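Observations on the model geometry
Spelled out, the chains give:
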Protein chains: 2
Amino acid sequence: MSLLNDRIKAITAPDQKMAAAALERLRNQARPAGSLGVMEPLSARLASIAGKMDVHLDSKVIVTCAADHGVVAEGVSRFPKEVTAQMVYNFVNGGAAISILARHVGAAVRVADIGVDHDFEPELPIFHKKVGKSTANFSRGPAMSREEAVASMEEGIAIVDELVAEGPLHLLGTGDMGIANTTASSAVIAAFSGLPISSLTGRGTGLDDEGLAHKIRVIEKGLAVNRPNPGDPIDVLAKVGGFEIGALGGLVIGAASHNIPVVCDGLISTAGALIACELAPAAKAYLFAGHRSREIGHKFMHQRLGIDPLLDLDFRLGEGTGAALAMSLLECATRVLADIKTFEEVGIVDANRN
Amino acid sequence: MSLLNDRIKAITAPDQKMAAAALERLRNQARPAGSLGVMEPLSARLASIAGKMDVHLDSKVIVTCAADHGVVAEGVSRFPKEVTAQMVYNFVNGGAAISILARHVGAAVRVADIGVDHDFEPELPIFHKKVGKSTANFSRGPAMSREEAVASMEEGIAIVDELVAEGPLHLLGTGDMGIANTTASSAVIAAFSGLPISSLTGRGTGLDDEGLAHKIRVIEKGLAVNRPNPGDPIDVLAKVGGFEIGALGGLVIGAASHNIPVVCDGLISTAGALIACELAPAAKAYLFAGHRSREIGHKFMHQRLGIDPLLDLDFRLGEGTGAALAMSLLECATRVLADIKTFEEVGIVDANRN
């Protein structure tokens, strides 16, 4: 696992002097100190990552990672697994929710096949990074091998490398597609936190009460069968995760290793970010939480990561939709820091200094 | 008060058939039903207001209403009242927070002098709508006469009329500037709700504990001296409100009477919206709450209006900053409804119908 380990070691801390200079400028702006709330620390973090006060997030890309899940055989989703591949085509054709939300914020959407159970045409304009055709059913054994888990993360890193090679990349967003992947993601946070499965498991695409109770039992069985080691994030990913979850973690490590801020989306993207940050705590400095999803396990991921989500719009879709809207807030934060004038610049008495 | 009354009577209900058609289209989109959370009812409301499915909010204007407050003499703000006029110039010059946030979302900022204690140059590109040079100190008597209260609301209506005469206006945002105007706004919600002043009064631009306790006493005194009648919104505005608060209410009634959606900002803008909707409950159908401010009285205004704020970014600035960011979400909602493809359009099995 040399690429993964090399990149984890390559992550450096953002520029703390720039963060301090940014906070000082924010305090001097012609408005009450602290009056722009979360925008202020956000803008300081972005300045510290970029190493400059006037940050421009012109090039924004959302990578939506898709894969299938063997656990779908347990009947944990209302949608058949074929929808994963169908939605990949929908993303490519630009008619999906993420297509529309990304366009609204000026971000590009790039789709990655990490493990969809479908043979995509080689010419389809996606990242072809298939680690396998669906994971195995984790309620009966490991979802994937340890080698596949590392490979899925390294595919995420490779995607960031390819994007960076294409041209400047200022902000990365992560998104997911994969029928049954809320089941795997709830299992991941359960493995790390040890909290009761019922407190971490939501309705996914819309299970009824009976479906939800069944989903909880399937996850409980998966954890009992596999006994993932919470001190070994690769083991957690391999036993109960998913190929796209691994790649989503790789995106975070890849972005952090390139000093690029990365905003994660919902339950699945955050499961990937969690694995990344358990492996590489230094990556947290580059990570932003886009939104709080309606999936009840999401907030426990945010708690464990120690980051607050920017938006709470009751989304439960994935694809990168919450990350897309948060990208606009991050871009706004850069303008707040650089463009709002100081008391001195506009000649107003600074009551913040009273 | 014929203009005000005429416009209140002119407000019609949005197109409920269009709202139903919008909800049906949302349910048919190729994603789990309800998965875009608050975006969905939002987009349906915007469609019902516009009377069409494909709404474009291209022309967005934030009107920032400024006025001074006699109650500033009681020492309820850390900033001197001269800052109100200084900030008007800062808005016009484009260096203020609202200038930057509005630019980020593609909205224009228009400033209105409703009662600043300063003689602005007639050529200054603002709406010159001065009702008086500052209100009186409401802790010793009424802030303004009943006639001035009506006039301040009618100036808000006149501003919308002028904007509409200039060209298409698809979305209006409201914002405020006025040293000491959180004091007046907390008094307004206190007058309507009867709740304890201490539960409705925040630190404004940054009062310390002693300053906050003093501000609460000033508001208590103002309510005891004036005894505003909660059943008579014009009386509440006149006794403890402000000129810009009246105009902010007029903007809501004006927008509603032109079938234009309007998004209000923080404590002061929402105080104006509250007066508007107490006078004209039909205006609520056109009103959107931009964000929840750190000012503790704000949530009680939202409760009374029965609308949930879109954002919670811990802002406490005003100017229209929270409304600006919310405008982007409203615009996104229109794209969600019109542009996300349906199951049928993309040929995917619709599990929402299972």
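Remember, it's a predicted structure, so these values are computed and weren't measured experimentally.

As a further point, take the confidence of the model for chain A. Regions with low pLDDT carry predicted coordinates that are not meant to be interpreted in detail. When pLDDT is averaged across chain A, the result is 97; 99% of the residues are at 70 or more. Per the prediction output, this complex has pTM 0.97; the corresponding ipTM is 0.96.

Right, let's talk about the relation of the copies chain B and chain A for a bit. Its rotation angle being 180°, the transformation that places chain B on chain A also includes 0.0 Å of axial translation and leaves an RMSD of 0.0 Å. Such a combination of rotation and displacement between the chain copies is what one expects of a two-fold axis. If distances are taken from each C-alpha of chain B to the rotation axis, the shortest is found for Leu311(B), at 3.4 Å. A shared binding surface is used by both copies, with 100% of the interface residues of chain B retained as interface residues in chain A.

A few words now on helix α5 (residues 97-105) of chain B. A large share of α5(B) lies buried, amounting to 7 of its 9 residues. Among all positions in α5(B), only Ala97(B), Ile98(B), Ser99(B), Ile100(B), Leu101(B), Ala102(B) and Val105(B) are buried. The elements touched by buried residues of α5(B) are α13 (321-339) of chain A together with β1 (60-67), α4 (82-93), β2 (108-115) and α13 (321-339) of chain B. Directly beyond the C-terminal end of α5(B), a positive phi value near 75° is found at Gly106(B).

Before going further, it helps to examine the interface of chain B and chain A. Across the boundary between the two partners, chain B contributes 51 residues, which contact 51 residues of chain A. At the boundary of chain B with chain A, total buried surface from both sides reaches about 4,100 Å², with 69% on carbon and sulfur atoms. Between the two partners, chain B and chain A, sit 0 salt bridges. Those elements that place two or more of their residues in the side of chain B that touches chain A are α4, α5, α13 and α14 (343-346) of chain B. With 9 residues, the top contributor of residues to the side of chain B that touches chain A is α13(B). When the residues that make up the side of chain B that touches chain A are grouped by side-chain class, the tally is 28 nonpolar, 13 polar and 10 charged.

The next point concerns the packing of helix α3 (residues 39-50) of chain B against α13(B). Residue and element names in this part refer to chain B. In the contact formed by α3 and α13, the axes pass within 8 Å of each other and the chain directions differ by 85°. Looking at the two axes, α3 sits roughly perpendicular to α13. Of α13, the residues touching α3 (which contributes Met 39, Leu 42, Ser 43, Leu 46 and Ala 47) are Leu 329, Leu 330, Cys 332, Ala 333, Thr 334, Val 336 and Leu 337. Class assignment for the residues of the contact of α3 with α13 results in 10 nonpolar, 2 polar and no charged.

Time to look at the sheet that holds strand β4 (residues 171-177) of chain A. Residue and element names in this part refer to chain A. In spatial order, the strands read β3-β2-β1-β4-β5-β6; together these 6 strands make up an open sheet with parallel pairing. This sheet does not close on itself; its edge strands, each paired only once, are β3 (127-128) and β6 (287-289). Inspection of the sheet shows β4 paired to strand β5 (residues 262-264) by 2 bridges, in the parallel sense. Looking across to β5, one finds that Gly 173 is bridged to Val 263. Helix-sheet contacts for helix α5 (residues 97-105) involve β1 (60-67) and β2 (108-115), and the interaxial angle to β1 is about 165°. Packing against the sheet, helix α6 (residues 146-166) makes contact with β1, β2, β3 and β4, and its axis sits at approximately 150° to β2.

All names here are of chain B. Read from one edge to the other, the open sheet built from 6 strands follows the order β3-β2-β1-β4-β5-β6, with strand pairing classed as parallel. What marks the edges here is a single partner per strand, and that holds for β3 (127-128) and β6 (287-289). In this sheet, strand β4 (residues 171-177) lies alongside β1 in parallel orientation, the contact comprising 7 bridges. Paired with Thr 64 across the two strands is Gly 175, which belongs to β4.

A separate point is the packing of aromatic side chains. Residue and element names in this part refer to chain B. Counting across every chain of the model gives 4 aromatic pairs over all chains. On the basis of an interplanar angle of 55° and a centroid distance of 5.4 Å, the ring pair of Tyr 89 and Phe 120 is categorised as tilted. Taken together, the positions of Tyr 89 in helix α4 and Phe 120 in the loop between β2 and β3 put the pair 31 residues apart, joining distant regions of the chain. Classification of Tyr 89 by relative accessible area gives partly exposed; the value is 23%. Above the ring of Phe 288, the side-chain terminus of Arg 45 is found at 3.9 Å from the ring centroid.

Here we take up the side chain of Thr84(A). Residue and element names in this part refer to chain A. Along the chain, Thr 84 turns up in helix α4 (residues 82-93). You can call Thr 84 buried: its relative accessible area is 0%. If we skip the residues at most four places from it in the chain, Thr 84 touches Ala 66, Ala 67, Asp 68, Val 116, Met 177, Gly 178 and Ile 179.

Attention now moves to the environment of Val55(B). All names here are of chain B. Note on placement: Val 55 falls in the loop between α3 and β1. The sequence separation of Val 55 and Leu 207 amounts to 152 residues, and the corresponding C-alpha distance is 43 Å. Every residue in contact with Val 55, bar those within four places of it in the chain, is listed here: Leu 46, Ala 47, Ala 50, Thr 334 and Arg 335.

Further remarks concern the domain arrangement of chain A. All names here are of chain A. The domains assigned to chain A are domain 1 (2-55 + 337-353) and domain 2 (60-327). A C-alpha centroid distance of 30 Å is found between domain 1 and domain 2. Interface area, domain 1 with domain 2, both sides summed: about 1,600 Å², of which 71% is carbon and sulfur. Per-residue buried area on domain 1 facing domain 2 is highest for Leu 4, Arg 7 and Ile 11; these three make up 39% of the total on that side. Across the contact surface, domain 1 and domain 2 share 1 salt bridge. The partner of Asp 161 in a salt bridge is Arg 7, with the nearest N and O atoms 2.6 Å apart. Across the domain 1-domain 2 interface, the total number found is 8 residue pairs in polar contact (both at pLDDT 80 or more). For the side of domain 1 that touches domain 2, the secondary structure elements donating two or more residues are α1 (2-10) and α3 (39-50).

Calculation notes
Residues numbered from 1 in each chain as written. Chains lettered and ligands numbered in written order. Predicted model: local features only at pLDDT ≥ 70, side-chain atom pairs only at ≥ 80, totals over all residues. Heavy atoms only, no water. pLDDT = per-residue confidence, 0-100. Least-squares fit on C-alpha atoms with pLDDT ≥ 70 in both. Contact = heavy atoms within 4.5 Å. Buried < 20%, exposed > 50% of the residue type's maximum accessible area, 1.4 Å probe, protein only. Helix = DSSP H or I, 4+ residues; strand = E, 2+ residues; numbered from the N terminus. Buried area = accessible area lost by both parts, 1.4 Å probe. Salt bridge = Lys/Arg side-chain N within 4 Å of Asp/Glu carboxyl O. Nonpolar A, V, L, I, M, F, W, Y, C, P; charged D, E, K, R; others polar. Axes fitted to C-alpha atoms, helices over the stretch in contact; angles between N-to-C directions. Parallel < 35°, antiparallel > 145°, perpendicular 65-115°, else oblique. Pairing = 2+ DSSP bridges. Phe/Tyr/Trp six-rings, centres within 6.5 Å; stacked < 30°, edge-to-face > 60°. Lys NZ or Arg CZ within 6 Å of the ring centre and 35° of its normal. Domains from an automatic or database assignment. Polar contact = N/O pair within 3.5 Å; in protein donor to acceptor, adjacent residues only side chain to side chain.

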